[in-house]
Amino acid sequence: MQADSLAELVELSPDAICVHEDGVLTYANRAALETFAARSADEVVGRRFTDFVTEDSRAAVVGKLAQLTEPGQASEPVEALMSRLDGSKFAVETVSVRLAGRLAYQVVMRDVTAKKAAADALRYQAALVSHVSDALIATTGEGVVTSWNPAAEAVYGWTSAEAVGRRASELVGASLDLRGGGVTEAVHRRRDGAPLAVRVSAAEMNDGYVLVCADETARRRAEQNYRTVVASLDEGVLVMGPTGLIEAANPAACRILGVPEADLLGVPCHTLVLFTESGRRLPPDEMPSVQTRRSGVTHNGLVVRLRRPDGRDVWVSLTSRLLSPDDPSTRAVVTSFTDITETRAISAQLAHDATHDPLTRLANRTLVLTRLDVRARGEVTVLFLDLDKFKVINDSLGHSVGDQVLRIVGERLRRSSGRDDLVGRLGGDEFVVVTGEVTEPGEVRALAEHLRAALAEPIGVLGRQLHLDASIGVVLVGHADPRSAEDLLRDADVAMYQAKTLGRGRHHFFDVGLRERMQRRLRMEQDLRDAVHDGQLWPVYQPVVDLRTGEMVAVEALLRWTHPRHGAISPAEFIPLAEESDLINVIGKEMLRATTREIAARRRDQGLDLTLKVNLSARQLDDPHLVPAVQDALAGTGLPAGALCLEVTESALMRDQEAAAEVLASLRSLGVLLAIDDFGTGYSSLAQLRRLTLDTLKIDRSFITGIAESRDAAAIVTSIIAMAHAVELTVIAEGVESAEQVDLLRSLGCDQAQGYYLGRPVPAAELFGQ
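Residues numbered from 1 in each chain as written. Predicted model: local features only at pLDDT ≥ 70, side-chain atom pairs only at ≥ 80, totals over all residues. Heavy atoms only, no water.

**Brief notes about the packing of aromatic side chains**
Then, number 1: Counted according to the given criterion, the structure contains five aromatic pairs.
Then, number 2: An angle of 50 degrees between the planes, with centres 5.7 Å apart, marks the rings of Trp148 and Tyr156 as tilted.
Then, number 3: On the basis of relative accessible area, Trp148 is assigned to the buried category, the value being 4%.
Then, number 4: A connected cluster of aromatic rings, assembled from ring pairs, spans Phe36, Phe52 and Phe90.
Then, number 5: Positioned above the aromatic ring of Trp158 is the side chain of Arg166, whose terminal nitrogen or guanidinium carbon lies 4.8 Å from the ring centre.
Then, number 6: Between the NZ or CZ atom of Arg305 and the centre of the ring of Phe275, over which it lies, the distance is 4.4 Å. (Phe/Tyr/Trp six-rings, centres within 6.5 Å; stacked < 30°, edge-to-face > 60°. Buried < 20%, exposed > 50% of the residue type's maximum accessible area, 1.4 Å probe, protein only. Lys NZ or Arg CZ within 6 Å of the ring centre and 35° of its normal.)

**Thoughts on the pattern of salt bridges**
Then, number 1: Per the counting criterion, the structure on display carries 39 salt bridges.
Then, number 2: The salt bridge involving Arg39 is made with Glu43; its shortest N-O contact spans 3.1 Å.
Then, number 3: Judged by its relative accessible area of 77%, Arg39 falls in the exposed class.
Then, number 4: Glu43 gets classed as partly exposed once you look at its relative accessible area, which sits at 23%. (Salt bridge = Lys/Arg side-chain N within 4 Å of Asp/Glu carboxyl O.)

**Considerations on the environment of Glu737**
Then, number 1: Along the chain, Glu737 turns up in the loop between β31 (730-733) and α28 (739-747).
Then, number 2: Classification of Glu737 by relative accessible area gives partly exposed; the value is 47%.
Then, number 3: It is 23 Å that separates the C-alpha atoms of Glu737 and Leu387, two residues lying 350 residues apart in sequence.
Then, number 4: Beyond its immediate sequence surroundings of up to four residues, Glu737 is in contact with His399 and Tyr757. (Helix = DSSP H or I, 4+ residues; strand = E, 2+ residues; numbered from the N terminus. Contact = heavy atoms within 4.5 Å.)

**Focus on the sheet that holds strand β23 (residues 507-509)**
Then, number 1: Ordered by their spatial adjacency, five strands build an open sheet running β18-β19-β17-β22-β23, and the pairing between neighbours is mixed. Looking at which strands have only one partner, the edges of the open sheet turn out to be β18 (422-427) and β23. Averaged over all pairs of adjacent strands, the angle between strand axes in this sheet comes to 20 degrees, irrespective of strand direction.
Then, number 2: With five bridges connecting them, β18 and strand β19 (residues 430-435) associate as antiparallel partners. (Pairing = 2+ DSSP bridges. Axes fitted to C-alpha atoms, helices over the stretch in contact; angles between N-to-C directions.)

**Remarks on the packing of helix α13 (residues 365-373) against helix α17 (residues 485-501)**
Then, number 1: The geometry of α13 relative to α17 is characterised by a closest axis approach of 8 Å and an angle of 115 degrees between their N-to-C directions. Relative to α17, the element α13 lies roughly perpendicular. Across from Arg365, Val368, Leu369, Leu372 and Asp373 in α13, the residues of α17 making contact are Ala485, Glu486, Leu488 and Leu489. (Parallel < 35°, antiparallel > 145°, perpendicular 65-115°, else oblique.)

**Observations concerning the confidence of the model for the protein**
Then, number 1: Averaged over all residues, the pLDDT of the protein equals 86, while 92% of them reach at least 70.
Then, number 2: The least confident element of the protein is helix α4 (residues 115-131), whose mean pLDDT is 50; the most confident is strand β32 (residues 752-753), at 96.
Then, number 3: In the predicted structure, residues 125-130 sits below a pLDDT of 50 and forms six contacts with residues beyond four places in sequence or in another chain. (pLDDT = per-residue confidence, 0-100.)

**Considerations on the pairing of strand β6 (residues 135-140)**
Then, number 1: By the bridge criterion, six bridges tie β6 to strand β10 (residues 208-215) in an arrangement that is antiparallel. Residue pairing across strands places Ile137 opposite Leu211, the latter belonging to β10.
Then, number 2: Pairing of β6 with strand β7 (residues 145-148) involves three bridges; the strand directions are antiparallel. Across the sheet, Ala138 pairs through a bridge with Ser147, a residue of β7.
Then, number 3: Connecting β6 to the next strand, β7, in antiparallel fashion are four residues, including Gly143 with a positive phi near 90 degrees.

**Thoughts on the nonpolar core**
General note: in soluble globular proteins, nonpolar side chains tend to be found buried as a group.
Then, number 1: Counting 74 residues, the largest nonpolar core has Leu644 and Leu667 as its most contacted members.
Then, number 2: Broken down by element, this core gets its largest block of residues, seven residues, from helix α20 (residues 583-606).
Then, number 3: Discounting residues that sit within four places of it in the chain, Leu667 has contacts with Leu616, Leu626, Val627, Val630, Leu646, Val672 and Leu674.
Then, number 4: In this structure, Leu406, Val423, Leu468 and Ala470 belong to the second largest nonpolar core, which totals 30 residues. (Core = buried A, V, L, I, M, F, W, Y, C linked by side-chain atoms within 4.5 Å.)

Here it is in structure tokens:
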């Protein structure tokens, strides 16, 4: 049994282990076969061991073998470069052990990238092997001990000197049937009275007997622990025998399948009803367990829909593999599966929320742009709608009434549009309708007036009859129109503003007559260039509050522009201008230097422990001078790198994930913190974000709006917080405007928050004092 136990341990070892005799491989465990990229032992056994050692490493590896002169003697670890069957190279740390007999050696190879873990595993394995050695006891014909090996000393607690000359039955604490021979299971007792589960093999020899006592206490305890663990798993586990009948099922499998264990055992596996993600039912010969039993191929993470006997559908992630890969002839299969119904529903909800406006459930800007980007090169009409004087409703009746009006507007637009038309809300009171059915100018005019008429129907709110109208900008897109989705929305926006300029409550087509507006935009861009050098741009700071303590823990730096003629220019106007040109990089560097200098001085002079948050645009991520600029700002101002958090919008990260990841990694090397801003407005997932090594996630204000009134909004925010915390991200809520929102976010476990309720953006002198 010692050989069997050792063989099983070696075969199941996570380390690559092989044996070579006279330099020829005679054995390779499963891990070694995988390491050498071998499909079977036949591809390895019989070849020279040095065939797998690169020429540069052979002297070191083979040289150590010559130093091993005694069986059981092990070499010092040697690092070597090995070759796989496919020619690829890999670095390992090898330990060679001299075996008994001819020039035979056991070689243990472990990847040096996991050296510590492998070293721990090797020490554990060596300790385990030393403790499962069998006790060897020789007795006279009357059962008196004549020989008691070291393993017996370890197993029973009696030294050899104490044992020899005494009856074996006294030492093992149980009667021994020496004449019976064969193998028996018995309970023995250690010297201290502790019970031992022992497999006893007795054989007659000369004038006495030899007992081989294999201590299986640890193995049986492990088997019991294994059964307990499997029984307590949330993951369902089924074992199918070679005939395809279910032989074992853990409680989780019964719970997920909705079938008692008694009704599962002995049932063919193909009686389970499985469907693919496309909805096709899997026939019996395509069941994962059937394919694994037939081909031996493992199926990992297969997502299928399972139909329970009670009619309920459950989504599971399923893995099917051979129970004994080292003996595929048995064809027993173990299938494990996890219920992902809830996770899938949450993912679907998050995916939907990422492309839909949470207030109206219409398509959001991201989805509208995507549809326009992937449009067939046919004729399309884009209608950009902006509600006239909607701000009056918000200011006079409050945002809750305004939100109710926006929901009604969205529903009316949906009902008034065609079935295949895309209706979206771009933000605020801006909506869009994209249609491929109505493209002739006359028909488009009729559609625009039809939409206005639908919106003009009175809306009853708080006992009042509200009357709405809209200004509509129209863009006709021809077959070969080269404009991008952003261009189309921008042109439709320009046409809408022209409609407002002409008196509101009307529609206007985009044409070359609007070039003057574009020229005005160019003049504003030139003014912005002058503003960079004339000191017209200056920062304000908005507090970020820890929801647990109520203390200000950070400030977000925001840019303001005081135009010499036009006064204060909204960031919503000049930031897009800056991003469309190369100004954003220049402005960003000036902003970074000014704000880091300010906060560094406040931290030093006032003893403040604050983090500075600075926004980065998509254009800045493309700037090759960004990382040096951040490094220079930190060095020049003395602000600690850990006190600077750079925020990047979700859309900027998702635009080019690989490029963004590279830039963020370079920024991370400086020691600064990284945050994703406006989370929920793009297509990202938390799994993708984890690759970017972020520190903070800022939930977009659109998710916070109405969180206190909407159970759905609260549930979505709860999911985002939980999933963000699962990947160790700090969560900040944007746009907090009431005490009720603060209390709710605190109860949901949100870490920090910012918004007008907690503090408006103000100059440093006003926020920190002189």
